[in-house]
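Letter by letter, the chains look like this.
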Number of protein chains: 2
Amino acid sequence: MTKGNVAAPASASASHRTPPEHVHPRDVLLETAMAALSDPVRLALVRELAASEDWERTCGSFDVPVRKAALSHHFAVLRSAGLIEQRDAGAKRINRLRRAEFDEHFPGLLDLVLRRR
Amino acid sequence: MTKGNVAAPASASASHRTPPEHVHPRDVLLETAMAALSDPVRLALVRELAASEDWERTCGSFDVPVRKAALSHHFAVLRSAGLIEQRDAGAKRINRLRRAEFDEHFPGLLDLVLRRR
DNA sequence: TAGACTGTACGCAGATCATCGAACACTTTG
DNA sequence: CAAAGTGTTCGATGATCTGCGTACAGTCTA
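Since the model is a prediction, treat every value here as computed from it, not as a measurement. (Residues numbered from 1 in each chain as written. Chains lettered and ligands numbered in written order. Predicted model: local features only at pLDDT ≥ 70, side-chain atom pairs only at ≥ 80, totals over all residues. Heavy atoms only, no water.)

*Asks:* What am I meant to see in the pairing of strand β3 (residues 92–97) of chain A here?
*Replies:* Remark: a regular strand shows side chains that alternate across the two faces of the sheet. Residues and elements named next belong to chain A. Note: strand β1 (residues 57–58) against β3, two bridges, orientation antiparallel. Looking across to β3, one finds that arginine 57 is bridged to asparagine 95. Pairing geometry for strand β2 (residues 84–89) and β3, over six bridges, is antiparallel. In the sheet register, glutamate 85 faces β3, and the bridge partner there is arginine 96. Connecting the antiparallel pair β2 and β3 is a turn made up of two residues, with glycine 90 showing a positive phi of about 70 degrees. (Pairing = 2+ DSSP bridges. Helix = DSSP H or I, 4+ residues; strand = E, 2+ residues; numbered from the N terminus.)

Structure below.
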């Protein structure tokens, strides 16, 4: 259902790593968004991210009960569902919830996720 | 994630079959609701149901590309996600979208599903 | 009552998913 | 430069999901 995406602008930063590939919420199927939000770990990530400042949280700073390999996978799923944006900052990768963009294309969905316990 | 549920009122109808088990949206986890709506076939069922009158549609009357065994499974998933209600009417089983109840507990979610193509 | 019809239950196959450990690449620190 | 830290990728594993055909249980109709 999900597929690879492109548009990787040449990193002008100091990082030599390939920057993460992003998908804009506009290009995300409803099925994909729903599937991304149907996992407890990813819900926790989204909620924790929503309670933080943009670019404040590194990938390893979340309180979820999985190892880093699984965590990395979950971040990739969130990225390809248009839910988060990631940026390399030195050795770390920092995150941002794409609130406005996602809300524009899936109005009310993030609200629901963040309000419903 | 989903689990069996109970509360099967004694069927006062003419049917001798065990009536379907229902789950109220109040008892549905967000994860479960999302998972139920992350499948194209189930989305089609929900949308077609939303475009029909309550109790108007039998299970076999939907335009989805799966056989009846799979269809039966999808209806069970929708039931346990609190999305539909079913009732036996003779040999047939008729359906209703639980719009109001579901909307009360997952505000905006059905709207999103029904508006977003 | 025999047969057609509607839908469920069961068992199976194939695909997808979540998770892990290990190896790797890159960055930062000592 | 070596060591520690951050995160990705790979391969494997077990669980879950979707689909099918078949068999079955009721219900309706001729």
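So that's the structure; there's more coming.
*Asks:* Please explain the sheet that holds β3(A) as it appears in this structure.
*Replies:* Working definition: the strands of a sheet are paired by backbone hydrogen bonds and lie parallel or antiparallel to each other. Residues and elements named next belong to chain A. Here three strands make up an open sheet; going across it, the order is β1-β3-β2 and the pairing antiparallel. Of all the strands in the sheet, just β1 and β2 have a single pairing partner and so form its edges. The sheet strands contacting helix α2 (residues 40–50) are β1, β2 and β3, and the helix crosses β3 at an angle near 80 degrees. Against the sheet, helix α3 (residues 68–80) touches β2 and β3, its axis set at about 125 degrees to β2. (Contact = heavy atoms within 4.5 Å. Axes fitted to C-alpha atoms, helices over the stretch in contact; angles between N-to-C directions.)

*Asks:* Explain the sheet that holds strand β3 (residues 92–97) of chain B here, please?
*Replies:* All names here are of chain B. Reading across from one edge, β1-β3-β2 is the order of the three strands in this open sheet, with antiparallel pairing throughout. Sheet topology places β1 (57–58) and β2 (84–89) at the edges, where each strand pairs with a single neighbour. Against the sheet, helix α3 (residues 68–80) touches β2 and β3, its axis set at about 125 degrees to β2.

*Asks:* Even after reading the chapter, I still don't get the relation of the copies chain B and chain A, so can you show me in this structure?
*Replies:* A rotation about an axis combined with a shift along that same axis relates the two copies of the chain. Once turned by 180 degrees and shifted 0.0 Å along the axis, chain B lies on chain A with an RMSD of 0.0 Å. In the structure described here, the two chain copies are related by an operation that fits a two-fold rotation axis. Closest approach to the rotation axis within chain B is made by the C-alpha atom of Met34(B), at a distance of 2.6 Å. (Least-squares fit on C-alpha atoms with pLDDT ≥ 70 in both.)

*Asks:* Honestly, the packing of α2(A) against α3(A) in this entry has me stumped. Any pointers?
*Replies:* A pair of packed helices is characterised by two quantities: the angle between their axes and the separation of those axes. Residue and element names in this part refer to chain A. Interaxial distance between α2 and α3 falls to 10 Å at its minimum, and their mutual angle equals 70 degrees. Relative to α3, the element α2 lies roughly perpendicular. Contact with α2, carried on its side by Val41, Arg42, Leu45 and Val46, involves Leu71, His73, His74, Phe75, Val77 and Leu78 of α3 and no other residues of that element. Of the residues belonging to the contact of α2 with α3, the class tally is seven nonpolar, two polar and one charged. (Parallel < 35°, antiparallel > 145°, perpendicular 65-115°, else oblique. Nonpolar A, V, L, I, M, F, W, Y, C, P; charged D, E, K, R; others polar.)

*Asks:* Sorry, what's going on with the environment of Ala89(A) here?
*Replies:* Residues and elements named next belong to chain A. Residue placement: alanine 89 occurs in strand β2. Since its relative accessible area comes to 35%, alanine 89 is described here as partly exposed. Separated by 31 residues in sequence, alanine 89 and threonine 58 have C-alpha atoms that sit 9.1 Å apart. (Buried < 20%, exposed > 50% of the residue type's maximum accessible area, 1.4 Å probe, protein only.)

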